[in-house]
Amino acid sequence: MSEKYLERYKKHFKNPDIIKYRWKHEELPACYPRLWSEEASRCCGF
């Protein structure tokens, strides 16, 4: 995520929980489904 988008998120969302990865759009669920499901579960509080 570039600094431009990071600032945008901080502007519109109070205290966003942003996890920075160096993956491209949709690369996480497509190439790393287990890691994606773990992160989604963590975000949802499971």
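See the structure above.
These notes cover the structure that comes with them. (Residues numbered from 1 in each chain as written. Predicted model: local features only at pLDDT ≥ 70, side-chain atom pairs only at ≥ 80, totals over all residues. Heavy atoms only, no water.)

What follows is about the overall build of the protein chain. What the protein chain contains, in helices and strands, is 3 helices and 0 strands. Taken from N to C terminus, the helices and strands of the protein chain fall in the order α-α-α. In terms of principal-axis extent, the alpha carbons of the protein chain reach across some 30 × 25 × 10 Å. Across the 46 residues in the protein chain, those meeting the buried criterion constitute 7%. As presented, the protein chain carries roughly 4500 Å² of accessible surface, and 54% of it is formed by carbon and sulfur atoms. (Helix = DSSP H or I, 4+ residues; strand = E, 2+ residues; numbered from the N terminus. Buried < 20%, exposed > 50% of the residue type's maximum accessible area, 1.4 Å probe, protein only. Areas by Shrake-Rupley, 256 points an atom, 1.4 Å probe, with all protein chains shown as cover.)

Here Glu39 is to be found in helix H3 (residues 33–44). Judged by relative accessible area, which is 18%, Glu39 ranks as buried. Among all residues touching Glu39, those that are not within four sequence positions of it are Ile19 and Tyr21. (Contact = heavy atoms within 4.5 Å.)

Going through the model one piece at a time under the given rule, you end up with 1 aromatic pair. With 5.9 Å between their ring centres and 25 degrees between their planes, Tyr9 and Phe13 make a pair best called stacked. Given a relative accessible area of 37%, Tyr9 falls into the partly exposed group. (Phe/Tyr/Trp six-rings, centres within 6.5 Å; stacked < 30°, edge-to-face > 60°.)

What follows is about the state of the cysteines. In a disulfide, the sulfur atoms of two cysteines are held together by a covalent bond. Counted according to the given criterion, the structure contains 0 disulfides. Here Cys31 is not cross-linked by a disulfide; its sulfur's nearest cysteine counterpart is in Cys43, at 19 Å. For Cys43, a relative accessible area of 55% corresponds to the exposed category. (Disulfide = S-S within 2.5 Å.)

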